[in-house]
Amino acid sequence: MTHRLILGDRAYSSWSLRAALLVDRFDLPVETDFISFLGKSVAEQLTDTPPARTVPTLVLDDGSVVWDSLAVAETLADLFPDAGLWPAGISERATARALASEMHSGFAALRTMCPMNLRVAYRDWDPGLEVAEDLRRIDVIWDHALTRSGGPWLCGDYSIADAFFAPVAARIAGYGLSISDSASSYVAAHLAEPTFRAWRAKSLTDGPDLPQYVRDYPQTDWPG
Ligand SMILES: N[C@@H](CCC(=O)N[C@@H](CS)C(=O)NCC(=O)O)C(=O)O
(Lines give C-alpha, C1' and ligand atoms only; values in the text may rest on other atoms or scores of the structure.)
Protein backbone atom coordinates (compact mmCIF):
# COMPACT_ATOMS: atom_id res chain seq x y z
CA MET A 1 0.00 0.00 0.00
CA THR A 2 1.25 3.51 -0.79
CA HIS A 3 0.39 6.87 0.65
CA ARG A 4 -2.74 8.35 -0.96
CA LEU A 5 -3.67 12.01 -1.35
CA ILE A 6 -7.36 12.79 -1.85
CA LEU A 7 -7.95 16.02 -3.75
CA GLY A 8 -10.91 18.10 -4.91
CA ASP A 9 -11.82 19.87 -8.12
CA ARG A 10 -8.73 21.19 -9.90
CA ALA A 11 -10.34 24.47 -10.97
CA TYR A 12 -11.78 25.42 -7.60
CA SER A 13 -10.08 23.61 -4.71
CA SER A 14 -7.37 25.97 -3.57
CA TRP A 15 -6.38 23.86 -0.57
CA SER A 16 -6.04 20.81 -2.83
CA LEU A 17 -3.82 22.76 -5.21
CA ARG A 18 -1.27 23.40 -2.44
CA ALA A 19 -0.85 19.72 -1.60
CA ALA A 20 -0.97 18.62 -5.24
CA LEU A 21 1.79 21.05 -6.22
CA LEU A 22 4.02 19.53 -3.55
CA VAL A 23 3.45 15.99 -4.77
CA ASP A 24 3.86 16.90 -8.45
CA ARG A 25 6.67 19.43 -8.23
CA PHE A 26 8.77 17.30 -5.86
CA ASP A 27 7.83 14.09 -7.69
CA LEU A 28 6.77 12.37 -4.49
CA PRO A 29 5.66 8.71 -4.65
CA VAL A 30 2.10 9.42 -3.49
CA GLU A 31 -1.04 8.25 -5.30
CA THR A 32 -3.67 10.88 -5.98
CA ASP A 33 -7.44 10.40 -6.03
CA PHE A 34 -9.95 13.06 -6.91
CA ILE A 35 -13.42 13.62 -5.53
CA SER A 36 -16.10 15.65 -7.26
CA PHE A 37 -17.54 18.95 -6.07
CA LEU A 38 -20.80 18.03 -7.83
CA GLY A 39 -23.56 16.09 -6.11
CA LYS A 40 -22.60 14.62 -2.75
CA SER A 41 -20.79 16.85 -0.25
CA VAL A 42 -17.06 16.46 0.29
CA ALA A 43 -17.71 15.12 3.81
CA GLU A 44 -20.11 12.47 2.44
CA GLN A 45 -17.44 11.33 0.00
CA LEU A 46 -14.85 10.99 2.76
CA THR A 47 -16.76 8.67 5.10
CA ASP A 48 -14.15 5.91 4.53
CA THR A 49 -11.40 8.15 5.94
CA PRO A 50 -12.68 9.49 9.29
CA PRO A 51 -12.40 12.10 10.71
CA ALA A 52 -11.63 13.83 7.39
CA ARG A 53 -14.37 16.01 5.95
CA THR A 54 -12.39 18.30 3.64
CA VAL A 55 -9.77 18.01 0.91
CA PRO A 56 -6.85 17.65 0.75
CA THR A 57 -6.71 14.55 2.91
CA LEU A 58 -3.61 12.37 3.05
CA VAL A 59 -4.01 8.68 3.93
CA LEU A 60 -0.71 7.14 4.97
CA ASP A 61 0.28 3.60 4.03
CA ASP A 62 -0.57 2.50 7.59
CA GLY A 63 -4.09 3.96 7.29
CA SER A 64 -3.45 7.13 9.34
CA VAL A 65 -5.53 10.05 8.12
CA VAL A 66 -4.17 13.62 7.85
CA TRP A 67 -7.07 15.98 7.17
CA ASP A 68 -5.59 19.48 6.99
CA SER A 69 -3.37 21.01 4.32
CA LEU A 70 -0.67 22.34 6.65
CA ALA A 71 -0.45 19.01 8.43
CA VAL A 72 -0.39 17.30 5.01
CA ALA A 73 2.56 19.47 3.96
CA GLU A 74 4.43 18.82 7.22
CA THR A 75 3.76 15.08 6.93
CA LEU A 76 5.01 14.97 3.33
CA ALA A 77 8.17 16.76 4.53
CA ASP A 78 8.54 14.13 7.29
CA LEU A 79 7.94 11.23 4.90
CA PHE A 80 10.36 12.53 2.27
CA PRO A 81 13.07 14.39 4.21
CA ASP A 82 15.49 14.47 1.27
CA ALA A 83 13.01 16.05 -1.14
CA GLY A 84 13.61 19.61 0.11
CA LEU A 85 9.98 20.61 0.75
CA TRP A 86 11.17 23.02 3.45
CA PRO A 87 14.36 25.06 2.95
CA ALA A 88 17.47 23.41 4.39
CA GLY A 89 18.70 26.39 6.44
CA ILE A 90 17.10 27.00 9.84
CA SER A 91 16.40 30.70 9.30
CA GLU A 92 15.01 30.18 5.76
CA ARG A 93 12.91 27.30 7.08
CA ALA A 94 11.64 29.49 9.94
CA THR A 95 10.59 32.20 7.48
CA ALA A 96 8.95 29.63 5.21
CA ARG A 97 7.01 28.22 8.16
CA ALA A 98 5.85 31.68 9.24
CA LEU A 99 4.70 32.43 5.69
CA ALA A 100 2.86 29.14 5.23
CA SER A 101 1.26 29.45 8.67
CA GLU A 102 0.06 33.00 8.08
CA MET A 103 -1.40 31.95 4.74
CA HIS A 104 -3.11 28.96 6.33
CA SER A 105 -4.77 31.03 9.06
CA GLY A 106 -5.23 34.38 7.31
CA PHE A 107 -6.52 36.39 4.39
CA ALA A 108 -10.16 35.54 5.00
CA ALA A 109 -11.47 38.50 2.99
CA LEU A 110 -9.43 37.59 -0.08
CA ARG A 111 -10.47 33.96 0.20
CA THR A 112 -14.15 34.82 0.63
CA MET A 113 -14.43 37.56 -1.97
CA CYS A 114 -12.21 35.88 -4.56
CA PRO A 115 -12.79 32.12 -4.56
CA MET A 116 -10.15 30.40 -6.66
CA ASN A 117 -11.38 29.77 -10.17
CA LEU A 118 -8.64 28.81 -12.62
CA ARG A 119 -11.04 28.90 -15.57
CA VAL A 120 -11.72 32.63 -15.73
CA ALA A 121 -10.09 36.01 -15.25
CA TYR A 122 -11.97 39.14 -14.25
CA ARG A 123 -11.27 42.85 -14.58
CA ASP A 124 -12.81 46.20 -13.59
CA TRP A 125 -14.48 45.29 -10.31
CA ASP A 126 -14.05 46.72 -6.82
CA PRO A 127 -12.73 44.19 -4.29
CA GLY A 128 -13.40 46.49 -1.31
CA LEU A 129 -11.40 47.63 1.69
CA GLU A 130 -10.96 44.29 3.46
CA VAL A 131 -9.46 42.61 0.41
CA ALA A 132 -7.22 45.66 -0.09
CA GLU A 133 -6.06 45.24 3.52
CA ASP A 134 -5.24 41.55 2.91
CA LEU A 135 -3.33 42.53 -0.23
CA ARG A 136 -1.32 45.12 1.69
CA ARG A 137 -0.30 42.48 4.22
CA ILE A 138 0.56 40.00 1.45
CA ASP A 139 2.76 42.66 -0.16
CA VAL A 140 4.57 43.22 3.15
CA ILE A 141 5.37 39.58 3.88
CA TRP A 142 6.23 38.70 0.28
CA ASP A 143 8.52 41.71 0.05
CA HIS A 144 10.17 40.74 3.34
CA ALA A 145 10.88 37.22 2.10
CA LEU A 146 11.80 38.11 -1.48
CA THR A 147 14.24 40.80 -0.35
CA ARG A 148 16.01 38.20 1.76
CA SER A 149 15.88 35.39 -0.82
CA GLY A 150 16.54 37.51 -3.90
CA GLY A 151 13.59 35.73 -5.59
CA PRO A 152 12.06 34.29 -7.61
CA TRP A 153 10.76 32.13 -4.71
CA LEU A 154 10.11 33.25 -1.16
CA CYS A 155 12.82 31.39 0.73
CA GLY A 156 15.36 30.18 -1.83
CA ASP A 157 14.30 27.18 -3.87
CA TYR A 158 10.58 26.53 -4.33
CA SER A 159 9.21 25.29 -1.00
CA ILE A 160 6.01 24.66 0.93
CA ALA A 161 5.74 28.43 1.46
CA ASP A 162 5.46 28.95 -2.31
CA ALA A 163 2.99 26.09 -2.80
CA PHE A 164 0.83 27.65 -0.08
CA PHE A 165 0.78 30.99 -1.87
CA ALA A 166 0.17 29.57 -5.36
CA PRO A 167 -3.64 29.88 -5.03
CA VAL A 168 -3.21 33.42 -3.68
CA ALA A 169 -1.15 34.25 -6.77
CA ALA A 170 -3.87 32.67 -8.92
CA ARG A 171 -6.52 34.84 -7.23
CA ILE A 172 -4.46 38.02 -7.66
CA ALA A 173 -3.97 37.19 -11.34
CA GLY A 174 -7.50 35.93 -11.97
CA TYR A 175 -9.27 38.82 -10.24
CA GLY A 176 -6.89 41.47 -11.61
CA LEU A 177 -5.95 42.71 -8.12
CA SER A 178 -3.48 45.56 -7.61
CA ILE A 179 -0.21 44.75 -5.90
CA SER A 180 3.37 46.05 -5.86
CA ASP A 181 5.83 45.42 -8.68
CA SER A 182 7.83 42.86 -6.70
CA ALA A 183 4.61 41.02 -5.76
CA SER A 184 3.54 41.09 -9.42
CA SER A 185 6.83 39.43 -10.39
CA TYR A 186 6.21 36.75 -7.79
CA VAL A 187 2.70 36.15 -9.15
CA ALA A 188 4.16 35.91 -12.67
CA ALA A 189 6.65 33.29 -11.43
CA HIS A 190 3.73 31.15 -10.23
CA LEU A 191 1.80 31.56 -13.48
CA ALA A 192 4.88 30.44 -15.43
CA GLU A 193 5.75 27.54 -13.13
CA PRO A 194 5.34 24.30 -15.12
CA THR A 195 3.62 22.27 -12.38
CA PHE A 196 1.05 25.02 -11.82
CA ARG A 197 0.52 25.37 -15.57
CA ALA A 198 -0.04 21.62 -15.98
CA TRP A 199 -2.57 21.63 -13.13
CA ARG A 200 -4.38 24.64 -14.56
CA ALA A 201 -4.45 23.12 -18.08
CA LYS A 202 -6.15 20.01 -16.68
CA SER A 203 -8.54 22.16 -14.65
CA LEU A 204 -9.98 23.68 -17.81
CA THR A 205 -11.57 20.42 -18.93
CA ASP A 206 -12.00 18.73 -15.57
CA GLY A 207 -15.80 18.65 -15.21
CA PRO A 208 -18.43 21.34 -15.64
CA ASP A 209 -18.29 24.96 -14.47
CA LEU A 210 -19.66 25.20 -10.95
CA PRO A 211 -21.90 28.27 -10.59
CA GLN A 212 -21.11 28.89 -6.91
CA TYR A 213 -17.55 29.83 -7.91
CA VAL A 214 -18.50 32.09 -10.81
CA ARG A 215 -18.76 35.85 -10.29
CA ASP A 216 -20.72 38.32 -12.38
CA TYR A 217 -17.78 40.61 -13.22
CA PRO A 218 -16.43 41.58 -16.66
CA GLN A 219 -14.11 38.85 -17.91
CA THR A 220 -10.76 39.01 -19.63
CA ASP A 221 -8.14 36.54 -20.87
CA TRP A 222 -6.20 34.55 -18.29
CA PRO A 223 -3.04 36.60 -17.70
CA GLY A 224 -0.53 33.72 -17.64
N1 LIG B 1 -8.24 24.07 6.82
C2 LIG B 1 -8.45 23.08 5.80
C3 LIG B 1 -9.45 23.60 4.80
C4 LIG B 1 -9.74 22.60 3.69
C5 LIG B 1 -10.99 22.97 2.91
O6 LIG B 1 -11.82 23.78 3.36
N7 LIG B 1 -11.12 22.36 1.75
C8 LIG B 1 -12.28 22.61 0.93
C9 LIG B 1 -11.94 22.49 -0.54
S10 LIG B 1 -10.80 23.74 -1.07
C11 LIG B 1 -13.32 21.57 1.22
O12 LIG B 1 -13.03 20.38 1.29
N13 LIG B 1 -14.57 22.02 1.36
C14 LIG B 1 -15.66 21.15 1.55
C15 LIG B 1 -16.52 21.53 2.68
O16 LIG B 1 -16.12 22.43 3.44
O17 LIG B 1 -17.60 20.94 2.81
C18 LIG B 1 -7.11 22.74 5.17
O19 LIG B 1 -6.17 23.51 5.33
O20 LIG B 1 -6.98 21.69 4.55
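Residues numbered from 1 in each chain as written. Predicted model: local features only at pLDDT ≥ 70, side-chain atom pairs only at ≥ 80, totals over all residues. Heavy atoms only, no water.

## Description of the site of the ligand
Here is step 1 of the chain: Taken together, the residues surrounding the ligand are Ser13, Ser14, Trp15, Phe37, Val42, Thr54, Val55, Pro56, Asp68, Ser69 and His104.
Here is step 2 of the chain: Note that a nitrogen atom of the ligand is positioned 2.8 Å from one of the backbone N or O atoms of valine 55.
Here is step 3 of the chain: The side chain of serine 69 places a nitrogen or oxygen atom 2.5 Å from an oxygen atom of the ligand.
Here is step 4 of the chain: When the residues that make up the shell around the ligand are grouped by side-chain class, the tally is five nonpolar, five polar and one charged. (Near = heavy atom within 4 Å. Polar contact = N/O pair within 3.5 Å; in protein donor to acceptor, adjacent residues only side chain to side chain. Nonpolar A, V, L, I, M, F, W, Y, C, P; charged D, E, K, R; others polar.)

## Observations concerning the packing of helix α1 (residues 14-25) against helix α9 (residues 194-203)
Here is step 1 of the chain: For the pair α1 and α9, the least separation of the axes is 10 Å and the interaxial angle reads 120°. Considering their axes alone, α1 and α9 lie oblique with respect to each other. Crossing geometry of α1 relative to α9 is assigned as right-handed. Across the interface between the two elements, Leu17, Ala20, Leu21, Asp24 and Arg25 of α1 pack against Thr195, Phe196 and Trp199 of α9.
Here is step 2 of the chain: Tallied by class, residues from the contact of α1 with α9 come to five nonpolar, one polar and two charged. (Axes fitted to C-alpha atoms, helices over the stretch in contact; angles between N-to-C directions. Helix = DSSP H or I, 4+ residues; strand = E, 2+ residues; numbered from the N terminus. Parallel < 35°, antiparallel > 145°, perpendicular 65-115°, else oblique. Left-handed = near helix turned anticlockwise from the far one by under 90°. Contact = heavy atoms within 4.5 Å.)

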